[in-house]
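Residues per chain, in single letters:
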Amino acid sequence: MRDFPTATVRTRVAVPLRFGDGYSVDAELVTFHGLTDGLEHLAVVLGEPGANPLVRLHSECLTGDVFGSARCDCGPQLREAVERIADRGGVLLYLRQEGRGIGLYNKLDAYALQDQGLDTYAANAALGLPEDARDYTAAAQMLQALGIDSLDLLSNNPDKADQLRDLGIDVSHRVPTGVFTTAHNVRYLRAKVLQTHHTLPLPELTAG
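Here is a short report on the structure shown in this document.

### Looking at the nonpolar core
No. 1: One finds A43, L57, V91, L93, L143, L151 and L164 to be the most contacted residues of the largest nonpolar core, which totals 27 residues.
No. 2: Residue assignment for this core shows that the elements contributing at least two residues are β2 (24–33), β3 (42–46), β4 (54–59), β5 (90–95), α6 (137–145), β6 (150–154) and α7 (158–166).
No. 3: Considering every element that reaches this core, the biggest residue donor is α6, with 5 residues.
No. 4: With near-sequence residues (within four places) excluded, L164 lies in contact with L57, Y136, A140, L143, L153, I169 and V171.
No. 5: Judged by nonpolar contacts, the second largest core, of 16 residues, contains L17, A81, I85 and L154.

Below is the structure:
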């Protein structure tokens, strides 16, 4: 198990959330002192978290979360996660890890290479970047500061669960998200299944 320094809660503030499809929910946004990477990650507390809350680690995606890009499934996953977590009680950790940790400009450079035929992972490699640069130590710090040491993880990505367990967080179950396909993201989703073993059913990954 990897050791990491303790983080503390900095601020808690109530924020009502409103989505474009009309869904609304009250949330508590939590900021932190002492996160190892120095980034401004955010916890979104939804519903009434119990002893084994539902938790999602959602990596920031400006293009998908804000602008509704159809090249990924990030925006729909975020919207789904907020409602599912609110219904059960839990936390969404909004992590400032754009482009699986490579940053916005590099992500857009990778998009340009994908337009030439590379998949999302090969495009990162062609830029001299890792397939996935994300480290979830700060997420473990945030969970610890919130008093969460056991959870169900809302994710299709086995690496998230593996890293949290290595950091001493008890991931009781990994709960898959929905499959959100568009004509523009099928190759992206298929690459996630084939390259990093995301739990997405391949037969559903068609553009129809």
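### Overview of the side chain of D65
No. 1: In this fold, D65 is placed in helix α1 (residues 62–66).
No. 2: We note that D65 is buried and unpaired, the nearest opposite charge coming from K107 at a distance of 7.9 Å.
No. 3: A polar contact of 3.2 Å, which involves the side chain of D65, links it to the side chain of H58.
No. 4: Other than its neighbours up to four places away in sequence, D65 contacts H58, S59, E60, C74, G75, L78 and Y94.

So, how was this worked out
Residues numbered from 1 in each chain as written. Predicted model: local features only at pLDDT ≥ 70, side-chain atom pairs only at ≥ 80, totals over all residues. Heavy atoms only, no water. Core = buried A, V, L, I, M, F, W, Y, C linked by side-chain atoms within 4.5 Å. Buried < 20%, exposed > 50% of the residue type's maximum accessible area, 1.4 Å probe, protein only. Helix = DSSP H or I, 4+ residues; strand = E, 2+ residues; numbered from the N terminus. Contact = heavy atoms within 4.5 Å. Lys, Arg positive; Asp, Glu negative; His and termini not counted. Salt bridge = Lys/Arg side-chain N within 4 Å of Asp/Glu carboxyl O. Polar contact = N/O pair within 3.5 Å; in protein donor to acceptor, adjacent residues only side chain to side chain.

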